[in-house]
Amino acid sequence: MSQNTVTRAQLSEAVYQEVGLSRNESADLVESVLEEISDALARGEMVKISSFGSFQIRQKGQRVGRNPKTGEEVPILPRRVLVFRASHVLKNRINEVVEAEEAEAQRVKAVS
């Protein structure tokens, strides 16, 4: 698996290439979208992006944890966590890519 990371700059460049806005307008558009998603999540709203997935905030209650080194019990305070659930479309697309890579690896192995 590759360990590449997609950055804001790469997203802006993709918008620039695909949509034809200026680079500054593309960067502003990406920033606006990310800001809106962040604001909605901070308000406790679910963000659903069709054919991609949904983001939501989940409240976790207080619980008791253990320090793995000492075994000492430590209270873990209640907190809000971000949860992402991929859509079936995204899951299928990811699995198609993995299957294609595996088929190519088998083909190369058989040829050598």
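Shown above is the structure to which this text applies.
Not measured: the values here are computed from a predicted model. (Residues numbered from 1 in each chain as written. Predicted model: local features only at pLDDT ≥ 70, side-chain atom pairs only at ≥ 80, totals over all residues. Heavy atoms only, no water.)

(A) Up close: the sheet that holds strand β1 (residues 47–49). The three strands are arranged β1-β2-β5 in an open sheet whose pairing can be described as antiparallel. At either end of the open sheet lies a strand with only one pairing partner, and these are β1 and β5 (79–86). Averaged over all neighbouring strand pairs, the angle between strand axes comes to 25°, with direction disregarded. Sheet analysis places strand β2 (residues 53–60) next to β5, joined by eight bridges and oriented antiparallel. (Pairing = 2+ DSSP bridges. Helix = DSSP H or I, 4+ residues; strand = E, 2+ residues; numbered from the N terminus. Axes fitted to C-alpha atoms, helices over the stretch in contact; angles between N-to-C directions.)

(B) Quick peek at the pairing of strand β4 (residues 73–76). Where strand β3 (residues 63–66) lies against β4, four bridges are found, and the strand directions are antiparallel. Among the inter-strand pairings, R66 is bridged to a residue of β4, identified as E73. The hairpin formed by β3 and β4 contains six residues between the paired strands, and G71 there has a positive phi angle of roughly 80°.

(C) Quick peek at the layout of surface pockets. Estimated volume of the second largest pocket: approximately 260 Å³. Where the lining of the second largest pocket is concerned, the elements lending two or more residues are α1 (8–19) and α2 (23–42). Residue contributions to the lining of the second largest pocket peak at five residues, all from α2. Across the lining of the second largest pocket, the residue classes tally to eight nonpolar, no polar and no charged. (1 Å grid on protein atoms, 1.4 Å probe; cavity = no way out; pocket = protein on both sides within 12 Å on 5 of 7 lines; lining within 4 Å. Points joined across faces, edges and corners; volume = space filled by probe spheres on them. Nonpolar A, V, L, I, M, F, W, Y, C, P; charged D, E, K, R; others polar.)

(D) Broad picture of unusual backbone geometry. Positive phi, normally seen in glycine, also occurs at S51, with a value near 65°. Mapped onto the secondary structure, S51 falls in the loop between β1 and β2.

(E) Geometry of the nonpolar core. Counting residues in hydrophobic clusters, the biggest one holds five residues: I37, A40, L41, V47 and F55. Top element by residues in this core is α2. It accounts for three residues. Those residues in contact with F55 that lie beyond four places of it in its chain are L41, E45, M46, V47, I49, L82, V83 and F84. (Core = buried A, V, L, I, M, F, W, Y, C linked by side-chain atoms within 4.5 Å. Buried < 20%, exposed > 50% of the residue type's maximum accessible area, 1.4 Å probe, protein only. Contact = heavy atoms within 4.5 Å.)

(F) Here's a closer look at the side chain of S54. With respect to the secondary-structure elements, S54 resides in strand β2. The residues contacting S54, other than those within four sequence positions of it, are M46, V47, K48, V83, F84 and R85.

(G) Focus on a nonpolar patch on the surface. On the surface, a nonpolar cluster with roughly 240 Å² of combined accessible area is contributed by I49, F52 and F84. Residue class for F52 comes out partly exposed when judged on its relative accessible area of 36%. (Patch = residues over 30% accessible without salt bridge, like charges linked within 9 Å, V, L, I, M, F, W, Y side chains within 5 Å. Areas by Shrake-Rupley, 256 points an atom, 1.4 Å probe, with all protein chains shown as cover. Salt bridge = Lys/Arg side-chain N within 4 Å of Asp/Glu carboxyl O.)

(H) Focus on α1. Between its first and last C-alpha atoms α1 spans 16 Å; for 12 residues at 1.5 Å apiece the expected length is 16 Å, and the two agree. Once α1 finishes, G20 follows within two positions and takes phi at roughly 95°, a positive value. (Expected span 1.5 Å × (residues − 1).)

(I) Seen up close, a positive patch on the surface. On the surface, a cluster of positive charge is made up of R58, K60, R63, R85 and K91. One can find R63 in strand β3. Its relative accessible area of 42% is what places R63 among the partly exposed residues. (Lys, Arg positive; Asp, Glu negative; His and termini not counted. Charge placed at Lys NZ, Arg CZ, Asp CG, Glu CD.)

(J) Quick peek at α2. Taking 1.5 Å per residue, 20 residues should reach 28 Å; α2 reaches 28 Å between its end C-alpha atoms and fits that length. Residues of α2 that are buried include every one of S26, V30, I37, A40 and L41, and no others. Down the axis of α2, the buried set is contained in an arc of 110°. They therefore lie on one face. What points out from α2, more than 90 degrees from its buried face, is the exposed set N24 and A42. Turning to α2, the residues buried within the fold contact α1, β1, β2 and β5. Positioned one or two residues after α2, G44 has a phi angle of 90°, which is positive. (Arc of directions from axis to C-beta.)

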